[in-house]
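# Coordinates in review
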Amino acid sequence: MILGEDESIPGAIRIDEIVEGGSACDADVKVGDLLRAITACQMSMETPTWQLMMGGIGQPKTKRFMYSTDNKPFEEVMDAVGSNRMDPDGRPAWLVLERLQD
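These figures come from a predicted structure and were not determined experimentally. (Residues numbered from 1 in each chain as written. Predicted model: local features only at pLDDT ≥ 70, side-chain atom pairs only at ≥ 80, totals over all residues. Heavy atoms only, no water.)

Once that is clear, we can look at helix 3 (residues 74-82). Each α-helix turn comprises 3.6 residues. Residues three or four places apart therefore point the same way. Among the residues of helix 3, Phe74, Val77, Ala80 and Gly82 are the ones counted as buried. Lining the buried residues of helix 3 we find strand 1 (2-5), strand 2 (13-17), strand 3 (34-46) and strand 4 (59-68). (Buried < 20%, exposed > 50% of the residue type's maximum accessible area, 1.4 Å probe, protein only. Helix = DSSP H or I, 4+ residues; strand = E, 2+ residues; numbered from the N terminus. Contact = heavy atoms within 4.5 Å.)

Here is the structure:
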């Protein structure tokens, strides 16, 4: 699946191309669908109080969340898509799509 910026709707990301036999094709994603949100992962340091008191720096923790793509720069959306590789559980990315026409 290839994403691109929609030319008719400012700030919207659309599906430009679908690979035959790919997971997007199997999920009935269509060229022209708008990508409204996607899962993203973010690494943060989680520090329990007892570790702070002892001078510790904490443990890295990966947080997974839904990231809205509306009015976001294309590069930022692509970073969110790529961040799914950081998911320690290896879960597939979830997409929220809007189909404008059939």
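We are not done yet, so read on.
Structurally, the position occupied by Glu5 is in strand 1. With sequence-adjacent residues up to four places away left out, Glu5 is seen in contact with Ala12, Ile13, Arg14 and Phe74.

Attention now goes to the pattern of salt bridges. Counted under the stated rule, the structure contains 8 salt bridges. Its salt-bridge partner being Asp16, residue Arg14 comes within 2.9 Å of it at the nearest N-O pair. For Asp16, a relative accessible area of 36% translates into the label partly exposed. The closest approach of N and O atoms between Arg36 and Asp70, which form a salt bridge, is 2.9 Å. A residue pair is termed long-range when its members are at least 10 positions apart, and Arg36 in strand 3 and Asp70 in the loop between strand 4 and helix 3 qualify at 34 residues. Overall, Arg36 belongs to the partly exposed group, its relative accessible area being 25%. Under the relative-accessibility criterion, Asp70 is labelled partly exposed at 30%. Within the structure, one salt-bridge network assembled from shared partners comprises Asp28, Lys30, Asp33 and Arg99. (Salt bridge = Lys/Arg side-chain N within 4 Å of Asp/Glu carboxyl O.)

The quantities given are spatial measurements derived from coordinates; they are silent on function.
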